[in-house]
Amino acid sequence: MASLATVSVASGSSLLTSCCPAAGKQANNTPLNLSFQEGMVPGDSLQEKLDFMENLGVTGLEVGGRGLAGRVDEINNALKGRNVRMSAICAGFDGFILAEDPEVKNAFDTTMREIVAAAGQIGSVGVIMVPAFNGQQPCKPHTRETREFLCAQLHDLGEYAKSCGTTVILEPLNRNEAHYLRQVADAAAICRDADSEGVKCMGDFWHMQEETSDYAAFIAAGTKYLQHVHIASRGRRLTPTEDGEKDNYVDGMRALKEIGYPGFISFECGCEGDRAVVLPKAVELLRAQWEQA
Ligand code: MG
């Protein structure tokens with residue numbers, strides 16, 4: 001009897017799914033918001049680049065932080081009346097937050113705050129930062145005290161960013177580039193312990209080869225901490241589609257849809273082919289995988 005009941009439930013369930021797809025998978029209306037880094041978009045001027053993006057339905061623009069204070073008017077004017085808004089600002093500061101040398105630390109504090117202020121003026125979601133790249137020496141040692149120092153420093157920086165209407169965004173990298181911070185959940189835990197709404201984190205599908213699960217990484221951060229996402233092809237950090245079957249983002253996208261991630265997935269990648277041809281294909285691939293996720 002038990003086995004008969006099992007068969008009956010199983011066949012009933014598959015019948016329901018086949019005649020009514022929504023019954024097998026809950027509908028999810030989380031939109032896919034795509035963003036391009038300025039330097040990778042075809043076009044001789046910012047206006048031409050924005051035209052290219054609008055034609056593809058790409059609604060986020062990411063720019064570098066260096067010299068941003070001098071570009072506030074240019075960027076605000078360029079975005080007027082457009083269906084494109086600022087996503088993140090990518091680094092651009094001098095020094096680094098975990099520097100042992102007070103002058104190097106001071107250079108970080110000064111230039112980072114200038115960029116954060118400008119980021120607020122152009123409505124950016126936040127300024128991306130890495131606590132220390134492997135090559136940045138001398139660096140504070142990887143100890144409990146250093147983590148406490150980092151959280152305290154980030155608290156102050158986060159409160160400043162919040163007062164400017166933006167955030168600072170911690171980016172975990174892979175161990176080849178930055179041993180200190182490598183996983184999204186670790187970055188999220190630092191956000192929690194920094195205890196400021198102005199401190200957020202992100203995931204970069206390229207660096208996330210460090211993760212055992214893209215899905216778990218994004219779920220661990222959740223919308224409370226996850227502020228931005230970078231994407232590249234997964235074999236050689238080129239444009240999605242250029243590494244064939246390796247370019248599968250469905251597992252991570254499933255998490256982003258489930259948490260209702262409101263931010264951008266922003267292209268940070270090289271390109272082997274003609275960007276004007278490859279970028280539309282990449283957008284098409286990501287839309288198809290988002291649908292599938
Ligand atoms: Mg990145």
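Refer to the preceding data block for the structure.
Reading guide: rules and limits
- Residues numbered from 1 in each chain as written.
- Predicted model: local features only at pLDDT ≥ 70, side-chain atom pairs only at ≥ 80, totals over all residues.
- Heavy atoms only, no water.
- Salt bridge = Lys/Arg side-chain N within 4 Å of Asp/Glu carboxyl O.
- Helix = DSSP H or I, 4+ residues; strand = E, 2+ residues; numbered from the N terminus.
- Buried < 20%, exposed > 50% of the residue type's maximum accessible area, 1.4 Å probe, protein only.
- Phe/Tyr/Trp six-rings, centres within 6.5 Å; stacked < 30°, edge-to-face > 60°.
- Lys NZ or Arg CZ within 6 Å of the ring centre and 35° of its normal.

**A few points about the pattern of salt bridges**
Two side chains that carry opposite charge are able to pair once their charged atoms sit near each other. One pass over the full model with this rule turns up 22 salt bridges. Residue R71 pairs with E38 through a salt bridge whose shortest N-O separation is 2.8 Å. With R71 in the loop between β2 (60-64) and α4 (72-79) and E38 in the loop between β1 (34-37) and α3 (46-56), this pair connects stretches of sequence that are 33 residues apart. Here R71 matches E38 in class, with each residue buried.

**Considering the packing of aromatic side chains**
Summed over the entire model, instances satisfying the criterion amount to four aromatic pairs. Each ring, one from F36 and one from F267, has its centre 4.8 Å from the other, and the planes form 85 degrees; the classification is edge-to-face. Remark: F267 occurs in strand β8 (residues 265-267) and F36 occurs in strand β1; sequence separation between them is 231 residues. The pair formed by F36 and F267 is uniform in burial state, with each residue classed as buried. Here the aromatic rings of F205 and F218 are separated by 5.6 Å at their centres, their planes lie at 75 degrees, and the arrangement is edge-to-face. In this pair, F205 sits in the loop between β6 (199-204) and α8 (214-225) while F218 sits in helix α8, placing the two residues 13 residues apart along the sequence. Like F218, F205 is buried. Three or more aromatic residues joined by ring pairs make a cluster, and in this case those are F205, F218 and Y249. Just above the ring of Y160 sits the side chain of R113; from NZ or CZ to the centre is 5.7 Å.

Take it as geometry only, folks, not as evidence of what the structure does.
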